[in-house]
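# Report on the structure
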Amino acid sequence: MKGMTLVIYLDNAATTKPCKEAVDAVINGLEHYGNPSSLHSLGLEAENLVNKQREIIAAAIGAKEKEIFFTSCATESSNTAIFGAYAYQGKRKHRVVTTAVEHPSVANPIGKLEQLGCEVIRLSPDENGQISPKAVLEAVNDDTFLVSMMLVNNETGAVFDVGSAFSMIKKKYPRVLTHCDCVQGFMKLPFTVKKLNADMISLSGHKIYAPKGIGALYVKSGVHIPPLLLGGGQESSFRSGTECVPLILGFGAAVEALCGKVEENYAKAKAVQDHLVEKCARSGGITVIFSGGSPYITSIAVQGLKSEVLLHFLEEKGIYVSSGSACSKGKKSPVIKEFHVPEDLSDSVLRISISAETTAQDIDTLLEAVTEAQGRLARIKK
Ligand code: PLP
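Residues numbered from 1 in each chain as written. Predicted model: local features only at pLDDT ≥ 70, side-chain atom pairs only at ≥ 80, totals over all residues. Heavy atoms only, no water.

Turning our attention to the site of the ligand. Surveying the vicinity of the ligand reveals 14 residues, the closest of which are Thr75, Asp181, Gln184, Ser204 and Lys207. In the environment of the ligand, an oxygen atom lies 2.9 Å from a nitrogen or oxygen atom belonging to the backbone of Ala74. Between an oxygen atom of the ligand and a side-chain N or O atom of Thr75, the distance comes to 2.5 Å. Here the ligand loses 93% of its free accessible area of 390 Å² to cover by the protein chains. Among the residues forming the shell around the ligand, the class breakdown is five nonpolar, seven polar and two charged. (Near = heavy atom within 4 Å. Polar contact = N/O pair within 3.5 Å; in protein donor to acceptor, adjacent residues only side chain to side chain. Areas by Shrake-Rupley, 256 points an atom, 1.4 Å probe, with all protein chains shown as cover. Nonpolar A, V, L, I, M, F, W, Y, C, P; charged D, E, K, R; others polar.)

This part covers the sheet that holds strand β10 (residues 297-302). Pairing is antiparallel in the open sheet, where three strands are placed in the order β9-β10-β12. The open sheet terminates on both sides in strands that have one partner only, identified here as β9 (286-290) and β12 (349-353). Put simply, the sheet's adjacent strands are angled 35° from each other on average, direction ignored. Across four bridges, β9 lies against β10 in antiparallel orientation. (Pairing = 2+ DSSP bridges. Helix = DSSP H or I, 4+ residues; strand = E, 2+ residues; numbered from the N terminus. Axes fitted to C-alpha atoms, helices over the stretch in contact; angles between N-to-C directions.)

Here we take up the sheet that holds strand β8 (residues 215-219). Strands sit in the order β2-β8-β7-β6-β5-β3-β4 across an open sheet of seven strands; the sheet is mixed. A single partner strand is all that each edge strand has here, and the edge strands are β2 (68-71) and β4 (119-123). The mean inter-strand angle of the sheet, taken between neighbouring strand axes irrespective of direction, is 20°. Relative to β8, β2 runs antiparallel, the two being bridged by four bridges. In the sheet register, Ile68 faces β8, and the bridge partner there is Tyr218. Strands in contact with helix α2 (residues 41-60) are β2 and β7 (200-204); relative to β2, the strand with the most contacts, it is inclined by about 115°. Sitting on the sheet, helix α3 (residues 74-89) is in contact with β2, β5 (144-148), β6 (177-181), β7 and β8, with an inclination near 160° to β7. (Contact = heavy atoms within 4.5 Å.)

Quick look at the pairing of β6 now. Burial within β6 is extensive, with five of its five residues counted as buried. Note that β5 and β6 share three bridges and pair parallel. Residue pairing across strands places Val147 opposite Thr178, the latter belonging to β6. With helix α6 (residues 162-172) bridging β5 and the parallel β6, this β-α-β connection has right-handed handedness. (Buried < 20%, exposed > 50% of the residue type's maximum accessible area, 1.4 Å probe, protein only. Right-handed = clockwise from strand over helix to strand, strands pointing away.)

Let us now look at the packing of α2 against helix α8 (residues 245-258). Remark: α2 packs on α8, axes separated minimally by 9 Å, with the N-to-C direction vectors making an angle of 35°. As α2 runs across α8, the sense of the crossing is left-handed. Contact residues: α2 offers Ala46, Leu49, Val50, Gln53, Ile56, Ile57 and Ala60, while α8 offers Val245, Ile248, Leu249, Phe251, Gly252, Ala253, Val255 and Glu256. Within the contact of α2 with α8, the residues separate by chemical class into 12 nonpolar, two polar and one charged. (Left-handed = near helix turned anticlockwise from the far one by under 90°.)

On inspection of all chains with the given rule, the structure shows 15 salt bridges. Ionic pairing is found between Lys270 and Asp274, a salt bridge with its closest N-O pair at 2.7 Å. Of this pair, Lys270 and Asp274 both sit in helix α9 (residues 262-282), four residues apart, which is roughly one turn of the helix. Residue Lys270 is classed as partly exposed on the basis of its relative accessible area of 33%. Among the residues examined, Asp274 registers a relative accessible area of 33% and is labelled partly exposed. Of the charged contacts in the structure, one is a salt bridge between Lys317 and Glu372, with a shortest N-O distance of 3.2 Å. (Salt bridge = Lys/Arg side-chain N within 4 Å of Asp/Glu carboxyl O.)

This paragraph deals with the pairing of strand β3 (residues 95-99). Looking down a regular strand, the side chains alternate between one sheet face and the other. β3 sits mainly inside the fold: five of its five residues count as buried. With burial as the criterion, each face of β3 is covered, one bearing Arg95, Val97 and Thr99 and the other bearing Val96 and Thr98. As defined by bridge partners, β3 adjoins β4 across five bridges and the pair is classed as parallel. Note on β4: the bridge partner recorded for Arg95 is Glu119.

Looking now at unusual backbone geometry. Of note, Asn197 is a non-glycine position whose phi angle comes to about 60°, a positive value. Summarising the element assignment, Asn197 is placed in the loop between α7 (193-196) and β7. Classification of Asn197 by relative accessible area gives partly exposed; the value is 22%. Positioned with a positive phi, Ser236 is a non-glycine residue whose angle comes to about 55°.

In this section: empty space enclosed by the protein. Any space left empty among the atoms is revealed by the rolling of a water-sized probe across them. Going through the model one piece at a time under the given rule, you end up with one cavity of 30 Å³ or more. Volume-wise, the largest cavity comes out at about 40 Å³. Looking at the lining of the largest cavity, its residues break down into six nonpolar, one polar and one charged. (1 Å grid on protein atoms, 1.4 Å probe; cavity = no way out; pocket = protein on both sides within 12 Å on 5 of 7 lines; lining within 4 Å. Points joined across faces, edges and corners; volume = space filled by probe spheres on them.)

In this fold, Glu76 is placed in helix α3. Spatially, the C-alpha atoms of Glu76 and Ser355 are 25 Å apart, while their sequence positions differ by 279 residues. Among all residues touching Glu76, those that are not within four sequence positions of it are Thr71, Leu228, Leu229 and Arg239.

So, on to the nonpolar core. Within the largest apolar cluster, 63 residues are counted, with the highest numbers of intra-cluster contacts made by Phe186 and Phe251. Per-element tally for this core: the top contributor is α8, with nine residues. Those residues within four positions of Phe186 in sequence are excluded, and the remaining contacts are Ile57, Ala60, Ile61, Phe191, Leu203, Ser204, Ile208, Phe251 and Val255. With 29 residues, the next largest nonpolar core counts Leu10, Val302, Ile363 and Leu367 among its residues. (Core = buried A, V, L, I, M, F, W, Y, C linked by side-chain atoms within 4.5 Å.)

In short, geometric facts, not functional conclusions.
Here it is, written out as structure tokens:
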């Protein structure tokens, strides 16, 4: 990005630029250097600040303060939830139900449980990119101890009806633990723990304009899974390790800045997504492969152009997008295939992920650059 004037950042599902409130809060947090576990006043001050952020995050999802535990990232949150569920019930029950399109932070720990002898049922989206709550219920049996289903898919933006699925499961199998990766939905779509009917929810700071390295796990009162990290007993003995006060303050500030704006920002993002979809439909050779889920994520494919080539072409112009999931570092995504993307387009998928600040003008600039790439790169190929 050195020396470049134009920056159009359309990779917000990978990470976001921290907002001013979060940056200021992190700096402020560095000044409050007391250890929240210390008994003196500096420790107490840090502890109070941490608990204030816990209160803000709990309120944002309709949880109780004591149900929120700070972690280093959503990956840690999901690992804690999944291995915790296994430690709690995995000796007596063996089945885990999940989707075939989870983020690796959920898919890989569940894969590990499979190696340990669990039976894993992975549900694929239907032609419309949906997984019906009934299909999830039907996959659950008396031998099931965990159902883990994401709210918003990070590659396509597909939104799953987790609330209905979990409610149906809880009615028939009240002892099954339910976990939801809400990373791409938190502070973007309105939801509450009650509506989701989840026992455990993973959240991340850096997708919502807070810094990287901070996440949270919601664990419903009365759900007793063991901790993943053992040590000094911080976070009510559920997550040992001295709390990172500055990052926690940054997380709380970012959430607070978004509170009350979720619906307004959603409407703004939807208008920008509609503009993108409409313009793609009118342009030649650009296919929208998934929209209609979260307005913040749209997957498109530019016929005949490999996504990585196009990504670097756009980068030269200061436009940043992603080819599939940034976490997969350019590896072909198995998730995209699950969303029934035609084989000839699967190498050409770009993920456009916007923020509440993205404008229709940004989209126009993106599409002008794509059109230029179609002309220039097609000539090279001849
Ligand atoms: N879950 C989803 C849906 C994501 O998109 C991501 C990040 O890309 C994660 C989990 C992992 O979050 P973190 O980087 O906080 O571990």
